[in-house]
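# Secondary and tertiary structure notes
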Amino acid sequence: MQPQEQMIFPNYGISGKNSAKNLERNELSQWVENVTKQLIEDLPETENETVEESAGVAAFLDDLRPRKMSRKDSRESPGSVIHTHHGWSNDHRILDDQNTFNLESDPSCEEPGLNLLTLLLECAVAISVDNLGEAHRMLLELTQMASPYSASCAERVAAYFATAMSSRAINAWLGVCSPLTNHKTVNSAFQIFNNVAPFIKFAHFTSNQAILEALHCHERVHIIDLDIMQGLQWPALFHILATRAEGPPQVRMTGLGSSMELLDETGKHLSNFARRLGMYFEFNPVDKKFGNIVDISRLKIRRGEALAVHWLQHSLYDATGPDWNTMRLLNGLGPKIITLVEQEIAHEGSFLDRFVSSLHYYSTIFDSLGAFLPVDDPARYQVEHCLLQREINNVLAVGGPARSGEDKFRLWRSELLKTGFVQIPMSTNSVAQAQLILNMFPPAHGYSLVQGDGMLRLGWKETSLYTASAWTSLYP
């Protein structure tokens with residue numbers, strides 16, 4: 001019997017049903033969905049594109065239509081399973097609460113926004129078939145039409161996508177592009193994002209709860225964070241471990257990252273915090289990508305320790321290196337638990353694959369920020385400019401197997417199932433943690449939580465954005 005999938009709404013004294021009615025569709029991501037639907041029916045044929053290629057692109061885009069998180073099904077069919085994974089639905093209709101949504105009848109779909117999204121998609125098609133001359137012409141037009149400071153979310157998204165596609169077109173002449181990372185700027189923007197939106201907190205708190213439950217009887221614990229950054233999530237876990245009825249465990253942590261300076265700084269902060277709690281703590285910094293580790297002794301694995309691995313995936317940069325080698329190392333470690341938080345966005349496949357997936361994903365993220373923060377808010381601009389722009393650029397201009405020479409998994413949770421790992425269902429306490437996070441944000445802002453298939457999905461209105469899951473090895 002398959003587990004029931006349940007939609008959870010923040011508790012503000014409003015029933016789930018009424019809350020659902022108040023969560024109207026977000027504007028920009030709906031534009032993206034509608035423009036994509038309209039353009040796949042009549043894609044322009046570029047100079048270097050054959051009829052067969054054009055038809056193939058249209059069929060491809062049709063395959064990538066957005067699949068939504070369904071509140072209606074969860075309310076009206078409580079016994080059914082709702083299959084809500086990010087991707088694109090084969091249903092060609094776009095529905096509102098009453099009937100089929102029609103692009104031409106929607107008053108919110110203003111012409112400038114539609115023109116921007118149309119031009120973006122046409123430019124992506126030109127780049128996908130190496131028609132760089134036509135792409136250059138459209139990119140010049142886009143840069144004149146869109147500003148990252150605009151009051152329109154459509155313009156802001158278009159401006160950043162145009163920048164990323166310009167980088168892609170230029171780098172087509174140079175080979176692999178791997179720009180330097182200003183980690184302090186990225187970490188600062190990441191912390192702001194943690195404060196203004198629930199996504200990072202969702203990842204931290206649900207993962208901490210799963211780790212706490214998996215390691216509750218163990219006196220010696222080793223946590224490996226595959227991309228520790230500032231270590232923002234760990235003080236909360238340390239606090240709970242320090243107050244265990246049976247006493248705090250001995251905790252060792254291996255933090256991976258690309259800057260030893262930042263790793264040392266993170267280690268000092270965590271060590272000082274643990275000391276104040278009276279908890280034994282060791283920190284092992286490793287300035288290498290997990291998938292590039294050859295000498296496993298750098299992880300300092302010790303017998304008798306319960307091993308936990310945490311991975312909050314993001315699109316800022318390739319944090320772990322080759323996926324297949326990362327999986328091989330995880331299998332060899334046989335951890336007690338792996339906590340995995342994935343962005344619902346494609347990193348593998350062709351340029352056009354990644355473009356369509358990321359356009360829908362980031363238009364939804366921009367919508368969520370626009371509902372919460374004013375147009376000229378400095379925090380909003382810093383998150384968009386220093387964090388989201390870098391993610392978009394990494395997915396489009398840097399990422400992808402054709403440019404990196406490495407195959408990337410579409411979904412890590414699918415690969416874990418194939419290679420000796422068993423899913424640990426997210427507990428009711430993990431759900432409660434996620435619920436608590438959403439309660440920090442007014443329900444009118446549209447954040448939604450889905451529980452099903454042993455996982456938790458956090459999204460904006462009807463689009464799934466982050467999925468949290470937990471796993472254990474069959475061969476510890």
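Preceding this section is the structure that the text describes.
For the structure given in this document, a descriptive report is provided here. Small disclaimer: the values here were computed from a predicted structure and weren't measured. (Residues numbered from 1 in each chain as written. Predicted model: local features only at pLDDT ≥ 70, side-chain atom pairs only at ≥ 80, totals over all residues. Heavy atoms only, no water.)

Here the focus is the pattern of salt bridges. In this structure the tally under the stated criterion is 12 salt bridges. The partner of Glu-134 in a salt bridge is Arg-137, with the nearest N and O atoms 2.6 Å apart. In this pair, Glu-134 and Arg-137 both sit in helix H6 (residues 132–145), three residues apart, roughly one turn of the helix. A relative accessible area of 26% places Glu-134 in the partly exposed class. Under the relative-accessibility criterion, Arg-137 is labelled partly exposed at 42%. Bridged by salt links that share partners, the residues Glu-134, Arg-137 and Glu-141 form one connected network. (Salt bridge = Lys/Arg side-chain N within 4 Å of Asp/Glu carboxyl O. Helix = DSSP H or I, 4+ residues; strand = E, 2+ residues; numbered from the N terminus. Buried < 20%, exposed > 50% of the residue type's maximum accessible area, 1.4 Å probe, protein only.)

Another aspect to go through is the nonpolar core. Grouped together as the largest cluster of nonpolar side chains are 98 residues, with contacts concentrated most on Met-165 and Phe-355. Apart from the residues lying within four places of it in its own chain, the contact partners of Phe-355 are Leu-120, Leu-121, Ala-124, Phe-161, Met-165 and Leu-396. Residues Ile-224, Val-309, Leu-333 and Leu-340 belong to the second largest nonpolar core, which totals 21 residues. (Core = buried A, V, L, I, M, F, W, Y, C linked by side-chain atoms within 4.5 Å. Contact = heavy atoms within 4.5 Å.)

Moving on, we get to the pairing of strand S12 (residues 463–473). Of all 11 residues that make up S12, 10 are buried, and the element is covered over most of its length. Examined bridge by bridge, strand S8 (residues 337–343) and S12 share six bridges and lie antiparallel to one another. Looking at S12, one finds that Glu-342 is bridged to Thr-467. For strand S9 (residues 421–424) and S12, the ladder comprises four bridges, and the chain directions are antiparallel. Within S12, the residue paired with Gln-423 across the bridge is Trp-471. Across five bridges, strand S11 (residues 455–460) lies against S12 in antiparallel orientation. Residue Arg-457 lies in a different strand from S12, and its bridge partner there is Thr-467. The hairpin turn running from S11 into S12, its antiparallel successor, is two residues long, and Lys-461 in that turn takes a positive phi close to 55°. (Pairing = 2+ DSSP bridges.)

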